[in-house]
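Listed below, chain by chain, are the residues.
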Amino acid sequence: MPFLFRGIRRDSVIMGRVRQYFWYAIGEVVLIFFGITLALAFDDWSQERQLHEQQVASLQDLAENLRGNIVSLTSNSQTDLERLERCRQVILQVEERLVWRPENGETFNSCRYWTSPYLQSAAYDSLKTRGTDLIANRSVRASIVELYEESYAVLVGDIDREQWGFQDGVFYPVWNRHIRTLPNGNAEPSNYNALLDSEEFLNLLYSRSDFLRRSIIRQEQTLEKTRNVLSVIEDELEHQEPEYSPAFACERPRVADSRRPSVTRRTAAPGESSQSL
């Protein structure tokens with residue numbers, strides 16, 4: 001096309017047709033302008049499409065991580081509920097001064113443990129590296145950030161750290177004075193009568209139960225928030241367009257909804273009332 005304009009321009013100048021050359025010059029400028037505009041628009045669309053694809057991939061990875069966290073939190077909460085029940089049985093046995101039986105060793109041993117949460121965060125760490133603004137929807141972005149930076153941080157950084165501090169600094173020194181671990185992993189009192197008379201050991205069991213109870217409450221709260229955020233992400237993914245269309249593309253023709261029954265309207269015959277149709 002530029003060669004065509006160049007030839008016409010040369011012929012016009014030679015023949016002295018200045019007016020005709022003027023209009024062809026305008027046409028060449030307009031052609032260049034539209035070419036540049038089209039190239040810029042396509043470049044913008046290409047960048048927007050890349051960002052859109054990265055956003056969808058990030059949301060999918062986050063959803064996968066949250067599903068794994070839901071499984072982990074559900075299992076941890078259930079396990080800690082069982083351990084809390086074991087601790088209550090141990091407290092009852094000490095307070096009622098029940099006779100020691102070998103099968104009590106497994107119950108005692110289970111009381112000293114808790115589940116430390118290990119939550120998947122690789123997708124969120126990757127999102128933070130790219131920038132959380134990659135998630136265009138502000139409410140979705142805010143719910144994701146709040147879950148990881150607040151709920152998960154409190155569960156792992158505060159509740160679990162407190163459990164470890166209590167376990168190492170308080171629980172084991174008292175526990176090891178009264179309980180020894182057998183080769184099969186079960187517990188056995190070093191001196192059962194001294195254990196029954198120890199207020200310190202009974203207070204330790206109550207503290208252990210209280211830590212477990214608070215941990216279970218926090219895990220269940222975090223589990224509920226995780227489910228809510230996962231639902232928000234799945235809704236956002238469902239509303240994402242499968243094919244990202246450029247802004248300058250023509251509007252797609254509307255397709256009739258196949259779920260709605262079609263209604264055929266018949267034209268009234270001569271002499272027939274329209275109400276009878």
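Residues numbered from 1 in each chain as written. Predicted model: local features only at pLDDT ≥ 70, side-chain atom pairs only at ≥ 80, totals over all residues. Heavy atoms only, no water.

Caption draft 1: Quick peek at the overall build of the protein. Looking only at helices and strands, one finds seven helices and two strands in the protein. Within the protein, the fraction of its 277 residues that count as buried is 33%. In the protein, once contacts between residues fewer than 6 apart in sequence are set aside, the share between residues at least 24 apart is 77%. For the protein, the accessible area works out to roughly 18,300 Å², and carbon and sulfur atoms hold 54% of it. (Helix = DSSP H or I, 4+ residues; strand = E, 2+ residues; numbered from the N terminus. Buried < 20%, exposed > 50% of the residue type's maximum accessible area, 1.4 Å probe, protein only. Contact = heavy atoms within 4.5 Å. Areas by Shrake-Rupley, 256 points an atom, 1.4 Å probe, with all protein chains shown as cover.)

Caption draft 2: Molecular detail of the side chain of Q93. With respect to the helices and strands, the residue Q93 is situated in helix α2 (residues 18–96). Residue classification places Q93 among the buried positions, given a relative accessible area of 8%. Looking at Q93, its side chain comes within polar contact range of the side chain of N104, at 3.2 Å. Beyond its immediate sequence surroundings of up to four residues, Q93 is in contact with L98, V99, W100, N104, F108, Y192 and L196. (Polar contact = N/O pair within 3.5 Å; in protein donor to acceptor, adjacent residues only side chain to side chain.)

Caption draft 3: Expanded view of the pattern of salt bridges. Taken as a whole, this structure holds eleven salt bridges when the rule is applied. The closest approach of N and O atoms between D80 and R83, which form a salt bridge, is 3.9 Å. With a gap of three residues between them, D80 and R83 both fall in helix α2, about one helical turn apart. By relative accessible area, D80 is classed as buried at 0%. Salt-bridge contacts for E188 lead to R180; the nearest nitrogen and oxygen are separated by 2.9 Å. Within this structure, E162, D210, R213 and R214 form a network of salt bridges that share partners. (Salt bridge = Lys/Arg side-chain N within 4 Å of Asp/Glu carboxyl O.)

Caption draft 4: Here's a closer look at the packing of aromatic side chains. On inspection of all chains with the given rule, the structure shows ten aromatic pairs. Centre to centre, the rings of Y124 and Y148 are 4.4 Å apart; their planes meet at 5°, and the pair counts as stacked. On the criterion of sequence distance, the pair formed by Y124 in helix α4 (residues 122–130) and Y148 in helix α5 (residues 138–178) is long-range, its members being 24 residues apart. Among the residues examined, Y124 registers a relative accessible area of 3% and is labelled buried. For the ring pair F171 and W175, a centre distance of 5.1 Å and an interplane angle of 20° mean the geometry is stacked. Of this pair, F171 and W175 both sit in helix α5, four residues apart, roughly one helical turn. Taken individually, F171 and W175 each receive the classification buried, so the pair is uniform in this respect. (Phe/Tyr/Trp six-rings, centres within 6.5 Å; stacked < 30°, edge-to-face > 60°.)

Caption draft 5: Examining the nonpolar core more closely. Membership of the largest hydrophobic core comes to 24 residues, with the highest contact counts inside it found for V94, F108, W175, L195, F201 and L205. For this core, the element with the most residues is helix α7 (residues 199–238), which contributes seven residues. Once residues within four sequence positions are removed from consideration, L205 is found in contact with V90, I91, V94, C111 and W175. Judged by nonpolar contacts, the second largest core, of 22 residues, contains L59, L119, I135 and Y148. (Core = buried A, V, L, I, M, F, W, Y, C linked by side-chain atoms within 4.5 Å.)

Caption draft 6: Seen up close, helix α3 (residues 104–111). Extensive coverage of α3 is indicated by the burial of seven of its eight residues. Residues of α3 that are buried: N104, G105, T107, F108, N109, S110 and C111.

Caption draft 7: Fine view of the side chain of D160. Topologically, D160 is positioned in helix α5. With no salt bridge to any partner, buried D160 finds its closest opposite charge in R161, at an N-O distance of 7.9 Å. Other than its neighbours up to four places away in sequence, D160 contacts W114, S116, P117 and L155. (Lys, Arg positive; Asp, Glu negative; His and termini not counted.)

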